[in-house]
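# Tertiary structure, described
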Amino acid sequence: MYKRIVLKLSGEALAGEKKGVTFDDSIIWGLIAQIKAVMAKGTQVSLVIGGGNFWRGRSADSKMDRTKADQIGMLATVMNAIYVADAFRQNGIKAFVQTPIVIGTMTEQFSKESALAHLEKGEVVIFAAGMGHPFFSTDTITALRGAELDVDGLFFAKSIDGVYDDDPATNPNAKKIDCIRAEDIVKNNLKVIDMAAANLCFERKIPVIIFGLNEENSIMRAVGGEKIGTIVTV
Ligand code: UDP
């Protein structure tokens with residue numbers, strides 16, 4: 001039973017399979033129903049949502065200044081967080097968006113104390129705008145907020161159902177790894193989560209669970225302790 005977690009969803013998860021759609025409400029409401037069930041069992045849930053359904057800095061045209069491209073990426077995560085926070089409201093749960101940069105009255109500025117106060121009240125906090133700096137990813141902020149808030153697990157919901165020993169898209173014999181040490185991710189430079197995030201989890205001893213978002217009730221099952229996906233031990 002996890003007391004407090006950070007759950008990372010990619011931006012693409014919000015769009016689902018539909019082409020040309022930024023938000024698919026049937027998917028988002030399904031995610032919220034699972035998060036509600038997890039919270040009802042006593043787990044405090046904070047979220048990091050990516051921005052890939054709008055924009056990714058690293059995929060921008062190479063002529064573009066990467067700093068500017070990443071700024072757009074960070075703002076994309078803010079739009080996603082505002083949308084999902086409102087979807088939580090429509091489902092009877094208060095959710096607050098916190099950012100490390102000031103975005104006027106649209107979001108709260110992140111502070112450990114206020115984030116914890118929301119979580120203690122049974123509210124959701126969504127961390128948006130990443131680290132507030134370019135050249136980082138939403139994986140890194142997931143690990144950083146997890147470390148700051150003393151969470152007992154980081155949950156990465158991915159389009160793939162865990163970590164493989166090779167790319168399953170190109171190698172049909174690639175095998176899923178059930179358990180891997182954070183130390184080995186760092187040592188072998190495995191592209192499971194980004195290196196800065198893996199280092200922090202390793203250093204702060206925060207377990208990481210990487211699982212497939214598209215499997216039935218996977219958030220509830222992973223947070224409930226079922227052995228799905230890949231567990232990164234520390
Ligand atoms: N980003 C950034 N700094 C951060 C976090 C994110 O510059 O600390 C930018 C970066 O351009 C990234 C984009 O925000 O591509 C969206 O985040 P991410 O690619 O992690 O989203 P996802 O792929 O999970 O949807």
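Since the structure is predicted, the reported quantities are computational estimates derived from the model, not experimental observations.

Glancing now at the overall build of the protein chain. When helices and strands are counted, the protein chain shows eight helices and 11 strands. Whereas a compact globule of 234 residues would reach a radius of gyration of roughly 17 Å, the protein chain reaches 17 Å, a difference of no more than 12%. Taking contacts inside the protein chain between residues at least 6 apart in sequence as the whole, the part at least 24 apart equals 68%.

Next up on the list: the site of the ligand. Close contacts around the ligand come from 23 residues, with Gly50, Gly52, Gly57, Gly73 and Gly130 the closest. Secondary-structure elements contributing two or more residues to the shell around the ligand are α1 (11–15), α3 (66–90) and α5 (138–148). In terms of residue count, α3 provides more of the shell around the ligand than any other element does, five residues in total. A per-class count over the shell around the ligand returns six nonpolar, 13 polar and four charged.

Moving on: α5. A turn of α-helix holds 3.6 residues, and therefore any two residues three or four places apart point the same way. Of all the 11 residues making up α5, nine are buried; the element is thus mostly covered by neighbouring parts of the structure. Taken together, the buried positions of α5 are Thr138, Asp139, Thr140, Ile141, Thr142, Ala143, Leu144, Arg145 and Gly146. Following α5 by one or two positions, aspartate 150 has its phi on the positive side, about 55 degrees.

This part takes up the UniProt feature "domain: Aspartate/glutamate/uridylate kinase" (unreviewed entry) in the protein chain. Summarizing the sequence annotation, UniProt attributes the feature "domain: Aspartate/glutamate/uridylate kinase" (unreviewed entry) to residues 3–211 in the numbering used throughout. In the segment residues 3–211, helix accounts for 39% and strand for 19%; the C-alpha atoms at its two ends are 19 Å apart.

It is worth spelling out the sheet that holds strand β11 (residues 230–233) at this point. Strand order in this open sheet of nine strands is β4-β3-β5-β2-β1-β6-β10-β11-β9, and the pairing throughout is mixed. Both edges of this open sheet fall to β4 (108–109) and β9 (179–181), since each of them pairs with a single strand only. Sheet strands touched by α3: β2 (44–49), β3 (95–99) and β5 (124–127). Its angle to β3, the strand with the most contacts, is close to 165 degrees.

Another point: unusual backbone geometry. A positive phi angle, close to 70 degrees, is found at phenylalanine 135, a residue other than glycine. Inspection of the secondary structure assignment puts phenylalanine 135 in the loop between β5 and α5. The class for phenylalanine 135 is exposed, based on 12 C-beta atoms found within 10 Å.

Moving on, we come to the nonpolar core. Within the largest apolar cluster, 63 residues are counted, with the highest numbers of intra-cluster contacts made by Leu7, Ile126, Leu154, Phe155, Ala157, Cys201 and Val208. Among the elements that take part in this core, α3 stands out by supplying six residues, more than any other. In this structure, cysteine 201 is in contact with Ala143, Leu154, Ala182, Ile206, Val208, Val232 and Val234, ignoring residues within four places of it in sequence.

Calculation rules
Residues numbered from 1 in each chain as written. Predicted model: local features only at pLDDT ≥ 70, side-chain atom pairs only at ≥ 80, totals over all residues. Helix = DSSP H or I, 4+ residues; strand = E, 2+ residues; numbered from the N terminus. Rg over C-alpha atoms; globule rule 2.2 N^0.38 Å. Contact = placed C-beta atoms within 7 Å. Near = placed C-beta within 6 Å. Nonpolar A, V, L, I, M, F, W, Y, C, P; charged D, E, K, R; others polar. Buried ≥ 20, exposed ≤ 12 C-beta atoms within 10 Å, placed from the backbone. UniProt positions renumbered as here; feature names shortened; annotations may be inferred. Pairing = 2+ DSSP bridges. Axes fitted to C-alpha atoms, helices over the stretch in contact; angles between N-to-C directions. Core = buried A, V, L, I, M, F, W, Y, C linked by C-beta atoms within 7 Å.

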